[in-house]
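Given next are the chains, with one letter for each unit.
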Amino acid sequence: MSLHLELLPGVDWSVHVVDLGSGEVLASNHPDRLLSTASVGKVFVLIELAERLRDGRLTADQPVDRRAVTPVADSGLWQHLSTEVLPLVDVATLVGAVSDNWATNVLLDLVGLDAVRARAREWAPRGSDLVDVVRGLRGPDDPPHLSLGCAADHVEVLARLWAEHDQPGSVGATVLDWLAHGTDLSMVASAWHQDPLSHAEEPGENPTILTNKTGTNLGVRCDVGVVEREGRATAYAVLANWTEQPPGTGRDDVMNALRGIGDTLRTALG
C-alpha cells in the first residue's frame, strides 16, 4: 500500500510512515531532511532516563528538586504547581504528558546534555538531536534550535521503542508509557478524534491506541507517533518548517495540512 499525502507547497517537509509489522514504507517525502523539531527532541531525554532506570543508576521514586535549575515557562505544568520536589518518574511523566519545559531542564541537569546527545547519536544515525536546554529566549550565542530531526530517524526511534512495548521495565515500554499521556492531539493525531486528556486506553472492542510527541515553535509544527489498531502498528513522523514572519503567517494552512495528512492515514489504516 502506498499513500498519497497532500503536502502544502512553500513548506519544508520531512515525512515518513512505516508499517511496523512488515517494515513496508507507506509514505515518504524527504525523510532524511533535518529540520527544526522543537520539543520532539525531548524524546531523547526520556530515552536516556529510561536507560538509567533500567540499569539501576537511577530509581523511579528518587526525589528531584526543580530549584536545581533556572525556572523556564511556556509549555508545562510544574511552573504552576506549588511543590518544588517530585519523584523522578513524575517529572518524566510531566515531560511525556505536557512537554514540560522546566521538568525537561531538571532532567537534563540530572543526566547531562552530553549524555543525552550521545544517546541521540546512538538511536538516530541521520543527525536528529537535542541540541540545547530549553530557553525562554535564545540569544545570538545560543544554538538557534532546541532540537533538530528528520522523519526517518524518528520513525526508527519509534520502531525501536515499539519493539519493546510489551516488555515491562524495558526502555521501550517505559518511554511509550510516558508518551501515552501526551495531551497534544492537534496535528496529525487529530484525525482520530480522541480525548486529549484521556486516550491511553480507548474504550471499545477494537480501540485505536495513539501514542505521540509533538513539537511547536515559530515556523515549526511536528508530530511523531505510533497508531495501533487490531494488532497492526504504524509509525509516522511528519515534520514541517516554514517562514512564519510575522507570527501567524501560514500557520492555519500548515495546521490544516497536518490534519489532512492525519485524515489520510486514518482512512488508510481503518
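Quick look at the structure, then. Every value quoted in this text rests on a predicted model; they were computed, and no experiment measured them. Along every chain, residues carry numbers that run from 1 in the direction the sequence is written. It should be noted that, the model being predicted, local features are given only for residues of pLDDT at least 70 and side-chain atom pairs only at 80 or more, the latter also being counted only at that level, while totals for whole chains, interfaces and linings use all residues. Side-chain metrics rest on all non-hydrogen atoms present in the structure, leaving aside hydrogens and water.

## Some thoughts on the side chain of Glu 48
Secondary structure elements are defined from DSSP: runs of H or I of at least 4 residues count as helices, runs of E of at least 2 residues count as strands, and each element is numbered from the N terminus. Among the structural elements, Glu 48 can be located in helix H1 (residues 42-55). Residues adjacent in sequence count toward polar contacts only when both atoms are side-chain atoms; beyond that, a polar contact is any pair of N or O atoms within 3.5 Å, and within protein one must be able to donate a hydrogen and the other to accept it. Side chain to side chain, Glu 48 and Arg 52 meet in a polar contact 2.7 Å long. A polar side-chain atom of Glu 48 sits 2.7 Å from a polar atom in the side chain of Arg 119. Two residues form a contact once any of their heavy atoms are found within 4.5 Å. Residues contacting Glu 48, with those up to four places away along its chain left out, are Arg 57, Val 111, Ala 115, Val 116 and Arg 119.

## Considerations on unusual backbone geometry
Note that the residue after Gln 245, namely Pro 246, is joined by a cis bond; omega there is -5 degrees. With respect to the helices, strands and loops of the structure, Pro 246 is situated in the loop between strand E10 (232-241) and helix H7 (251-269). The phi torsion at Ala 38 lies on the positive side, around 50 degrees, for a residue other than glycine. Residue Glu 230 is not a glycine yet carries a positive backbone phi of 50 degrees. Within the element layout of this structure, Glu 230 appears in the loop between strand E9 (220-229) and E10.

## Structural notes on the sheet that holds strand E3 (residues 35-36)
Between any two strands, pairing holds if DSSP finds at least two bridges. Reading across from one edge, E3-E7-E6 is the order of the three strands in this open sheet, with antiparallel pairing throughout. Each edge of the open sheet is held by one strand with a lone partner, namely E3 and strand E6 (129-130). Two elements, E3 and strand E7 (residues 147-149), share two bridges in a ladder whose sense is antiparallel. Bridge pairing links Ser 36 to Leu 148 in E7.

## Focus: the pairing of E9
For E9, the buried fraction is high: eight of the 10 residues fall into the buried class. Of the pairings in the sheet, the one linking strand E8 (residues 208-217) to E9 comprises 10 bridges and is antiparallel in character. Following the sheet pairing, Thr 216 is matched in E9 by Arg 221. Summarising the sheet, E9 and E10 pair through 10 bridges and their orientation is antiparallel. In the strand pairing of E10, Arg 229 is matched with Arg 232. Two successive antiparallel strands, E9 and E10, enclose a turn made up of two residues, where Glu 230 displays a positive phi of approximately 50 degrees. Buried means the residue's accessible area, taken with a 1.4 Å probe over protein chains only, is under 20% of the maximum for its type, while exposed means over 50%, and partly exposed covers the values in between.

## What to know about the sheet that holds strand E1 (residues 12-19)
Reading across the sheet, the five strands line up as E2-E1-E10-E9-E8 and stay open at both edges, with antiparallel pairing between neighbours. Looking at which strands have only one partner, the edges of the open sheet turn out to be strand E2 (25-29) and E8. Taking the axes of each pair of neighbouring strands and ignoring which way they run, one obtains an average angle of 5 degrees across the sheet. For helices, the fitted axis covers only the stretch in contact; all axes are lines through C-alpha atoms, and the angles between them, taken along N-to-C directions, range from 0 to 180 degrees. In the packing of helix H5 (residues 151-162) onto the sheet, the strands contacted are E1, E9 and E10, and the crossing angle to E10 comes to about 150 degrees.

## Section: the pattern of salt bridges
Criterion for a salt bridge: a side-chain nitrogen of Lys or Arg within 4 Å of a carboxyl oxygen of Asp or Glu. Tallied over the entire structure, the rule returns 18 salt bridges. Of the charged contacts in the structure, one is a salt bridge between Arg 117 and Asp 129, with a shortest N-O distance of 2.5 Å. Taken as a pair, Arg 117 in helix H4 (residues 113-123) and Asp 129 in strand E6 lie far apart in primary sequence, 12 residues in all. Among the residues examined, Arg 117 registers a relative accessible area of 27% and is labelled partly exposed. Taking relative accessible area as the criterion, Asp 129 reaches 9% and is therefore assigned buried.

## Considering the nonpolar core
Buried together is how nonpolar side chains tend to be arranged in soluble globular proteins. The set of buried Ala, Val, Leu, Ile, Met, Phe, Trp, Tyr and Cys residues whose side-chain atoms join them within 4.5 Å is what this entry labels a nonpolar core. Core analysis: the biggest nonpolar cluster contains 54 residues, and Phe 44, Ile 47, Leu 49, Leu 161 and Val 175 have the highest contact counts within it. Residue assignment for this core shows that the elements contributing at least two residues are H1, helix H2 (88-98), helix H3 (101-111), H4, H5, helix H6 (171-179), E9 and E10. It is H1 that provides the largest number of residues to this core, a total of seven residues. Leave out the neighbours within four places in its chain, and Ile 47 touches Arg 119, Trp 123, Val 157, Leu 161, Val 171 and Val 175. One finds Leu 26, Val 188, Leu 210 and Val 227 within the second-largest nonpolar core, a separate group that totals 27 residues.

## A short note on the packing of H1 against H6
Between H1 and H6, whose axes approach to 9 Å, the crossing angle comes to 135 degrees. Considering their axes alone, H1 and H6 lie oblique with respect to each other. The interaxial crossing formed by H1 with H6 has right-handed handedness. Here Val 43, Leu 46, Ile 47, Leu 49, Ala 50, Glu 51, Leu 53 and Arg 54 of H1 lie close against H6, whose contacting residues are Val 171, Thr 174, Val 175, Trp 178 and Leu 179. Roughly parallel covers angles under 35 degrees, roughly antiparallel covers those over 145, roughly perpendicular covers 65 to 115, and oblique covers all other angles. Crossing handedness is defined as follows: a turn of the near helix away from the far one that is anticlockwise and smaller than a right angle gives a left-handed crossing, while the clockwise case is right-handed.

## Some remarks on the environment of Ala 103
As for its position among the elements, Ala 103 is in helix H3. Here Ala 103 falls in the buried class, since its relative accessible area comes to 0%. Discounting residues that sit within four places of it in the chain, Ala 103 has contacts with Trp 78, Val 91, Leu 94 and Val 95.

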